[in-house]
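Observations on the three-dimensional arrangement
One letter stands for each residue in the lines below.
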Amino acid sequence: MGAVRAYVVAGAPASGKSVLGSALARAAGAAPLDQDVLTGPLTAVVAGLLGAAPADLDDPRVRSATRDATYAALIDTAAGCLAAGVSVVLIAPFTSERSDPAAWSALSDRLGAPHGAALIWTTCPPAEVARRLTERAAPRDRRKIADLSAFLGSGVLDPPAVPHVAIDTTAPLAHQVTAALTGAGALAPGR
């Protein structure tokens, strides 16, 4: 068995988190844990109970009611896999954790990955993020698409304030995966 590690794939919406995360999980022999897949159905139920559209994850009522619980479900599932000796790839924005060294440290500690947690930051030019958002036209992106300038200028594309591996998701997917694996291996355990 190889090194048991947590790969935390974070980035802006439409920056390529899910595509890279899935490919990285296959290459690393890790369990892919995508927040949207893991918690999306329950979040939709909560949205309905709050009177919001089921896919409107940006509705402030939905965010405030579900953020802590969705991350807890994701992180607790990952910690269970890691405790069983299975590497994981967590796929979510991780806005707080990538912006605050104390929050990143708390996440790393909570995961308890024997060979550490590596933050993989997906990045691409703002125009490409705008193109991807518009092209996929997902209901969860309606608020972002309605005011792309405000969304892109909100800091969502700002790099993390903690050690990370930046991956340009406009590169071929095989290159992205290699860069993620190589870069994650270069980060010190527990970072």
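Each remark here, short or long, concerns the structure printed above.
A brief look at the structure comes next. Since we're looking at a predicted model, the values are computed, not measured.

**Considerations on unusual backbone geometry**
Phi is positive for Ala14, which is not a glycine, with a value near 70°. On the basis of relative accessible area, Ala14 is assigned to the buried category, the value being 8%. Positive phi values are uncommon outside glycine, yet Phe94 reaches one of about 50°. Along the polypeptide, Phe94 turns up in the loop between β3 (88-91) and α4 (95-99). The exposure class assigned to Phe94 is buried, which follows from its relative accessible area of 0%.

**So, the environment of Leu38**
Checked against the element boundaries, Leu38 lands in helix α2 (residues 35-49). On the accessibility criterion, Leu38 (38% relative accessible area) is partly exposed. Sequence spacing of Leu38 and Ala118 is 80 residues, and the spatial spacing of their C-alpha atoms is 21 Å. Residue contacts for Leu38: discarding those within four places in its chain leaves Ala73, Leu74 and Thr77.

**Thoughts on the packing of aromatic side chains**
One pass over the structure, following the stated rule, counts one aromatic pair. Between Tyr71 and Phe94, the ring centres sit 5.1 Å apart and the planes meet at 70°, which makes this aromatic pair edge-to-face. Taken as a pair, Tyr71 in helix α3 (residues 60-83) and Phe94 in the loop between β3 and α4 lie far apart in primary sequence, 23 residues in all. Here Tyr71 matches Phe94 in class, with each residue buried. A cation sits over an aromatic face here: Arg67 above Tyr71, 3.9 Å from the ring centre.

**Here's the deal with the pairing of β3**
Regular strands have side chains that alternate between both faces of the sheet. By the alternation rule, side chains of β3 split into Val88 and Leu90 and Val89 and Ile91, which are all buried. Bridging between strand β1 (residues 6-11) and β3 involves four bridges; their strand directions are parallel. Opposite Val9, over in β3, you have Ile91 as the bridge partner. Relative to β3, strand β2 (residues 31-34) is paired through four bridges, and the arrangement is parallel. For Asp34, the partnering residue across the bridge sits in β3 and is Ile91.

**A look at the pattern of salt bridges**
Under the definition given, this model contains nine salt bridges. Across the pair Asp141 and Arg136 runs a salt bridge whose closest N-O atoms are separated by 2.5 Å. Three or more residues joined by partner-sharing salt bridges are found here, namely Glu128, Arg131, Arg132 and Glu135.

**A word on the side chain of Thr66**
Mapped onto the elements of the fold, Thr66 is located in helix α3. For Thr66, a relative accessible area of 9% puts it in the buried group. What Thr66 contacts, discounting residues up to four positions off in sequence, is Thr43 and Val46.

**Remarks on α3**
For α3, spanning 24 residues, the distance from its first C-alpha to its last is 34 Å, which sits close to the expected 34 Å at 1.5 Å a residue. In the structure, α3 departs most strongly from a straight axis at Thr66, where the bend amounts to approximately 50°. Taken as a whole, α3 has its buried residues at Val62, Thr66, Thr70, Tyr71, Leu74, Ile75, Ala78, Ala79 and Leu82. Contacts made by the buried residues of α3 are with β1, β2, α2, β3, α4 and α5 (101-111). Count one or two residues on from α3 and you reach Gly85, which has phi positive near 85°.

**Structural notes on the nonpolar core**
With 23 residues, the main nonpolar core has Ala6, Val8, Val88, Leu90, Phe94 and Leu111 as its most contacted residues. If you list the elements that add at least two residues to this core, you get β1, β2, α3, β3, α5 and β4 (117-123). It is α3 that contributes the most residues to this core, five residues altogether. When sequence neighbours within four positions are dropped, the list of residues in contact with Phe94 reads Val8, Ala10, Tyr71, Leu74, Ile75 and Leu107. Formed by 16 residues, the second largest nonpolar core is a distinct cluster that contains Tyr7, Ala30, Ala118 and Ile120.

What counts and how
- Residues numbered from 1 in each chain as written.
- Predicted model: local features only at pLDDT ≥ 70, side-chain atom pairs only at ≥ 80, totals over all residues.
- Heavy atoms only, no water.
- Buried < 20%, exposed > 50% of the residue type's maximum accessible area, 1.4 Å probe, protein only.
- Helix = DSSP H or I, 4+ residues; strand = E, 2+ residues; numbered from the N terminus.
- Contact = heavy atoms within 4.5 Å.
- Phe/Tyr/Trp six-rings, centres within 6.5 Å; stacked < 30°, edge-to-face > 60°.
- Lys NZ or Arg CZ within 6 Å of the ring centre and 35° of its normal.
- Pairing = 2+ DSSP bridges.
- Salt bridge = Lys/Arg side-chain N within 4 Å of Asp/Glu carboxyl O.
- Expected span 1.5 Å × (residues − 1).
- Bend = angle between axes of the 7 residues up to and from the residue.
- Core = buried A, V, L, I, M, F, W, Y, C linked by side-chain atoms within 4.5 Å.

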